[in-house]
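One letter stands for each residue in the lines below.
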Amino acid sequence: MRVVWNRAGQCSRLRQFVRPSSITNRLGPLQRWASLSTSASYRSSGQLGGLQRFLKVSEEVTDALATNKPVVALESTIYTHGSLGSLGLEDVVRQNGCVPAVVGILEGVPTVGLTPEEVAHIVANSPRKVSRRDITYLVGMGMTGERINGGTTIAGTTVLARLAGIRVFGTGGLGGVHRGGESTMDVSADLTELGRTRMAVISSGCKGFLDIPRTLEYLETQGVLVSTFADGRKGDVDFPAFWARDSGTKSPFVVQTEEEAAAMILAQESLGIESGLLFANPIPEEASIPRQEMDAVIEQAVAESLTQGAHGNLNTPFILGRIRDLTEGRSVPANKALVRANVERAAKIAFATTRFIAGDLEIPTRNGKLTENSIVDKNKVNKEADVIVAGSVAVDLSCNYAGPDSTTNVSPHLHTSNPAQIRQSIGGVGRNVALAAHRVRGNMGVRLCSMVGNDVAGTTVINSLESAGMDTSCIRRLEGASGRTAQYVAVNDASKSLVMAMADMDIFTTNSDPAHWASVVTASKPKWLVVDANWTEFDIRSWIKTGKQNGAAVAFEPVSNAKSARLFRPVRGHDEPLGVFPAPSVDLATPNRHELAAMHAAAAQNEYLADPRWFEVVDAFAMFGSDGIRERFVRLTSKALTDAGVPQQAVQLLPYIPTLVAKLGDQGALLVEVMGPDDPRLRDASHAPFILTRAPVDHPTVGGVYMRLFQVAQQVPDVVSVNGVGDTFLGVLVAGLARGGKVVNLIDVAQKAAVLTLRSLESVSDDLGTLERELVAASSSSQ
């Protein structure tokens, strides 16, 4: 049996309606710098937290990572602090079918995917040498206006490449433990970085003048896999000594092929082990310098460094210079040859890794079964799913105030302990939406894509999902501090209404693997993809793009006021624009009134409502220049809702989200929708009262705007819990849509499902199955 990894401004008459923001002109230098230089990134590591917001990833690298194209990271100190001249490393990467990603600090901005012009700019502007410790300094100074350039070392490159989501890094020689390091504590930051950051580094071992045995011992202590390419040799092989193929010290492990190295990378990722991997690649034999000759040269160079006091950061440049002199310059072409060979090897490994993920290569396993959660297994994800939900799963604590005065004072008291009824359950917006769709689905396939930690809470979550009969093949289980299972604590008053909530969702903002998730969507071919806002801004966009590329309709679940704004993040220069009707990136969103207001505010602040494409769609709504628009809003909703701006905000967002269902609690649900010119509701008398406006008859894509307030299905005086009610609504709605239903026909069923959850201790009612026949009937109804 074999296991296969899958692949993965221009219309003045609209000013009465919206006033596009010009916030960039009002920002101070700190905010302006951040808004201009921040770029989308694949946040894959929790190591640097806030730095993620300032990481710039080139458009080419971004696209490659999102579409499972192989990417190879390259350090920039080779250009900024090396003396090797032109190496053509980017060409080597491209010739092997991969995308190069040169990493460095450009004008204070950590950048992954530097262009040759940007590299030249860095080189010409007094670059600093940047390791892990230096990144925050340069970024912080950049935020205050001092734009410093820097070339990243192996350690610095590893940090930033990992944040971008890159797996493979090709370089020259690793730093290590210097001779006498047991006394001087002179140990390269490269080693500790590999001990805490998962990256496959391909180098010709460490520089040959270092203490190789102690370097290997240190790497072992750090938990770093060290394996040397046999390169045609049999049995045990030596760890290389940079210019020489052998060092006299046996390599801990031996690897024969790039495919084996790729398998180790995926195994490390699958197991959630966060330390790095070092693949030592011996210098090509024809370019090597004999070990005995190099040993003598190195001994002399090291001795001279001691007598001349070349210590600290002066030591390595001094020794390299003396080695060049003592070898009469032969070390330079050898150095060039080994760097190019390493980068070529790295490209082949990266290529093999993406082939495994795409399913183009197979790995036979001893027992024919792969038990992992990080890489998609075709033997698990071998069926198409009607609905994929990409979102959070969490352990929920619901705390209902139960004080002695709760009959007269429903609110808990601040700054003190309160009597409460506390209940633990499994929740999370993504899980709730998926479970609701699953329970009302009938024979429809629902798949949840989420992450948990390798902790007790994670085990509890997995067991709970399995006991509910849910598909857990796409739940990733992560190790380390960034892999802590999400938890959510809701504090409710005595009437079970939410007072406040605390959420620890860091696992979704400090771990990212868009190529992996893209492979899940590609394998599943969903009709609908639901994306909740617990992901980072960039990951939300990545999910949406992947869904669209695979033909799925996309629903956005805002989650909270703050997180709802992530869909309308600040626009960056290289961003792919958010699609507008009739080709929107997002087809449906179900915010509550507060989330709707937050989304609208973010769209206005970040000038989405000043996009000419937005004006074109809103112009087609034909609601301006005509009388009585406010009266129509009031008639179709209410004076209170109109005064609060709810229908206006929804209409303004329609070009980006053509179907909006605003959840209004006991006031019901407001459907606001763009109709195409062929929408049958335009000619159906029963729908005529709900048509807000009609577009010009000859408009090619817009027929009008539909607005309808659905009253609540049932008043519920005996509320048990409000947790998960909105999630249940969306889950059932999407389940019906995946059956081919129309939103206008499904809202009543979705509201009935929400009522069942209101009456349930669970965040998703166990009784949703009772609505299956009604959902099927509603899904079959014509408009």
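Residues numbered from 1 in each chain as written. Predicted model: local features only at pLDDT ≥ 70, side-chain atom pairs only at ≥ 80, totals over all residues. Heavy atoms only, no water.

Peer 1: Let's hear about the overall build of the protein: which residues, and what values?
Peer 2: When its secondary structure is counted, the protein shows 28 helices and 27 strands. Looking at the protein as a whole, 59% of its 783 residues qualify as buried. Put simply, the protein shows about 30500 Å² of open surface, and 50% of that area lies on carbon and sulfur atoms. (Helix = DSSP H or I, 4+ residues; strand = E, 2+ residues; numbered from the N terminus. Buried < 20%, exposed > 50% of the residue type's maximum accessible area, 1.4 Å probe, protein only. Areas by Shrake-Rupley, 256 points an atom, 1.4 Å probe, with all protein chains shown as cover.)

Peer 1: Run through the nonpolar core, naming residues and quoting values.
Peer 2: By size, the foremost hydrophobic cluster in this structure holds 86 residues, and its most contacted members are Val 112 and Ile 166. In terms of residue count, the dominant contributor to this core is helix 15 (residues 331-358) (8 residues). Once residues lying within four places of it in the same chain are set aside, the contact partners of Val 112 are Leu 55, Lys 56, Val 57, Ser 58, Val 61, Ala 101, Val 102, Val 103, Leu 160, Ala 164 and Ile 166. Core analysis: the second largest hydrophobic core is formed by 69 residues, Val 580, Ala 602, Phe 633 and Tyr 656 among them. (Core = buried A, V, L, I, M, F, W, Y, C linked by side-chain atoms within 4.5 Å. Contact = heavy atoms within 4.5 Å.)

Peer 1: How would you explain the pairing of strand 9 (residues 200-203) if you had to name every residue and give the values?
Peer 2: Neither face of strand 9 is exposed, since Ala 200 and Ile 202 on one face and Val 201 and Ser 203 on the opposite face are all buried. Two strands pair when backbone bridges link them, and strand 8 (residues 168-170) and strand 9 are joined in this way by 3 bridges, in the parallel orientation. Following the sheet pairing, Val 168 is matched in strand 9 by Ala 200. Relative to strand 12 (residues 277-280), strand 9 is paired through 4 bridges, and the arrangement is parallel. Considered in strand 12, the bridge of Ala 200 is made with Leu 277. (Pairing = 2+ DSSP bridges.)

Peer 1: I'd like a rundown of the environment of Asp 678, residues and numbers included.
Peer 2: By the secondary structure assignment, Asp 678 is in the loop between strand 25 (669-675) and strand 26 (691-694). Along the primary structure Asp 678 and Val 702 are separated by 24 residues, whereas in three dimensions their C-alpha atoms are 8.9 Å apart.

Peer 1: Explain the packing of aromatic side chains to me, and be specific about the residues and the numbers.
Peer 2: Scanning the entire structure with this criterion turns up 11 aromatic pairs. For the pair Trp 517 and Trp 535, a centre-to-centre distance of 5.9 Å together with 70° between the ring planes defines the contact as edge-to-face. Of the two residues, Trp 517 sits in helix 18 (residues 514-524) while Trp 535 sits in the loop between strand 21 (528-532) and helix 19 (537-549), which places them 18 residues apart along the sequence. Of the two residues, Trp 517 and Trp 535, neither departs from the other in class, the shared state being buried. Where Phe 568 meets Tyr 656, the ring centres are 5.8 Å apart and the plane angle is 80°; that geometry is what we call edge-to-face. Taken together, the residues span a long stretch of sequence, with Phe 568 in the loop between helix 20 (561-564) and strand 23 (588-589) and Tyr 656 in the loop between helix 25 (646-653) and strand 24 (659-663) at a distance of 88 residues. (Phe/Tyr/Trp six-rings, centres within 6.5 Å; stacked < 30°, edge-to-face > 60°.)

Peer 1: Outline the sheet that holds strand 26, supporting the account with residue identities and numerical values.
Peer 2: The sheet built from 10 strands is open, its strands ordered 18-17-14-21-22-23-24-25-27-26 with mixed pairing. Each end of this open sheet is capped by a strand with a single partner; those strands are strand 18 (475-478) and strand 26. With 5 bridges joining them, strand 24 and strand 25 adopt antiparallel strand pairing. Residue pairing in the sheet places Lys 663 in a bridge with Ala 669 of strand 25. Lying on the sheet, helix 25 is in contact with strand 24, strand 25, strand 26 and strand 27 (704-710); it crosses strand 25 at an angle near 35°. (Axes fitted to C-alpha atoms, helices over the stretch in contact; angles between N-to-C directions.)

Peer 1: Lay out the side chain of Asp 211 with the relevant residues and their values.
Peer 2: Mapped onto the elements of the fold, Asp 211 is located in the loop between strand 9 and helix 11 (212-221). Within the structure, the side chain of Asp 211 is placed 2.8 Å from the side chain of Arg 214, a separation counted as a polar contact. (Polar contact = N/O pair within 3.5 Å; in protein donor to acceptor, adjacent residues only side chain to side chain.)

Peer 1: Run through the sheet that holds strand 20 (residues 498-504), naming residues and quoting values.
Peer 2: Pairing is mixed across the open sheet formed by 4 strands, whose spatial order is 16-15-19-20. The open sheet has two edge strands, strand 16 (420-427) and strand 20, and neither has a second partner. Taken over all neighbouring pairs, the strand axes of this sheet differ in orientation by 15° on average, direction set aside. Across 6 bridges, strand 15 (residues 394-401) lies against strand 19 (residues 487-492) in parallel orientation. Note that in strand 19 the partner of Asp 396 across the bridge is Tyr 488.

Peer 1: Could you give an account of helix 17 (residues 456-467), naming the residues involved and the relevant values?
Peer 2: Its 12 residues place the ends of helix 17 16 Å apart at the C-alpha level, agreeing with the 16 Å of an ideal helix rising 1.5 Å per residue. Residues of helix 17 that are buried in the fold lie against strand 15, strand 16, helix 16 (429-439), strand 17 (446-453) and strand 18. In the segment just after helix 17, Gly 469 is the residue with positive phi, at about 80°. (Expected span 1.5 Å × (residues − 1).)

Peer 1: I'd like a description of the pairing of strand 19, backed by residues and values.
Peer 2: Sheet analysis places strand 19 next to strand 20, joined by 6 bridges and oriented antiparallel. Note on strand 20: the bridge partner recorded for Gln 487 is Asp 504. Linking strand 19 to strand 20, which pair antiparallel, is a turn of 5 residues; within it Lys 496 sits at a positive phi near 75°.

Peer 1: Give a description of the pattern of salt bridges that names residues and reports values.
Peer 2: Under the counting rule described, the total for this entry stands at 33 salt bridges. Where Asp 325 meets Arg 322, a salt bridge forms, and the shortest distance between an N and an O atom there is 3.4 Å. Here Asp 325 pairs with Arg 322, and both are found in helix 14 (residues 315-326), just 3 residues apart, close to one helical turn. One salt bridge connects Asp 766 with Arg 439, and the closest N-O pair in it is separated by 3.0 Å. A residue pair is termed long-range when its members are at least 10 positions apart, and Asp 766 in the loop between helix 27 (743-758) and helix 28 (772-780) and Arg 439 in helix 16 qualify at 327 residues. A relative accessible area of 51% means that Asp 766 is categorised as exposed. In this structure, a network of salt bridges that share partners links the residues Asp 231, Arg 245, Glu 258 and Arg 345. (Salt bridge = Lys/Arg side-chain N within 4 Å of Asp/Glu carboxyl O.)

Peer 1: Can you break down helix 21 (residues 593-605) residue by residue, with the values?
Peer 2: When the terminal C-alpha atoms of helix 21 are compared, their 18 Å separation across 13 residues agrees well with the 18 Å that a helix rising 1.5 Å per residue should span. Every buried residue of helix 21 is accounted for by Glu 595, Leu 596, Ala 598, Met 599, His 600, Ala 602, Ala 603 and Ala 604. Where helix 21 is buried, its residues contact strand 22 (553-557), helix 20, strand 23, helix 25 and strand 24. Two or three places before His 594, at the opening of helix 21, Asn 592 has a side-chain oxygen 3.0 Å from that residue's backbone nitrogen.

Peer 1: Give me the packing of helix 12 (residues 258-270) against helix 15: which residues, what numbers.
Peer 2: Where helix 12 contacts helix 15, the axes come no closer than 8 Å and their chain directions differ by 60°. Here helix 15 runs oblique to helix 12, going by the angle between their axes. Handedness of the helix 12/helix 15 crossing: right-handed. Mapping the contact onto sequence places Glu 258, Glu 259, Ala 261, Ala 262, Ala 263, Ile 265 and Leu 266 in helix 12 and Arg 345, Lys 348, Ile 349, Ala 352, Thr 353, Phe 356 and Ile 357 in helix 15. In terms of residue class, the contact of helix 12 with helix 15 is built from 9 nonpolar, 1 polar and 4 charged. (Parallel < 35°, antiparallel > 145°, perpendicular 65-115°, else oblique. Left-handed = near helix turned anticlockwise from the far one by under 90°. Nonpolar A, V, L, I, M, F, W, Y, C, P; charged D, E, K, R; others polar.)

Peer 1: Any chance you could break down the environment of Trp 535 for me, citing the residues and the numbers?
Peer 2: Note on Trp 535: relative accessible area 1%, which makes it buried. Separated by 27 residues in sequence, Trp 535 and Phe 508 place their C-alpha atoms 5.3 Å apart. When sequence neighbours within four positions are dropped, the list of residues in contact with Trp 535 reads Ala 390, Gly 391, Cys 449, Met 451, Phe 508, Trp 517, Ile 540, Trp 543 and Arg 566. A distance of 3.0 Å separates a polar atom in the side chain of Trp 535 from the backbone oxygen of Ala 390.

Peer 1: Can you tell me about the environment of Tyr 79, naming the residues and giving the values?
Peer 2: Within the secondary structure, Tyr 79 is located in helix 4 (residues 77-80). The spacing of Tyr 79 and Gly 151 is 72 residues in sequence and 7.6 Å in space, taken between C-alpha atoms. Apart from residues lying up to four places away in sequence, Tyr 79 is in contact with Leu 89, Glu 90, Val 102, Val 119 and Val 123. A polar atom in the side chain of Tyr 79 sits 3.0 Å from the side chain of Glu 90.

Peer 1: Help me get a handle on the confidence of the model for the protein, residues and values and all.
Peer 2: Mean pLDDT for the protein: 84, with 86% of residues reaching 70 or above. Segment residues 364-379: pLDDT under 50, and 48 contacts once partners within four positions in sequence are set aside and those in other chains are kept. (pLDDT = per-residue confidence, 0-100.)

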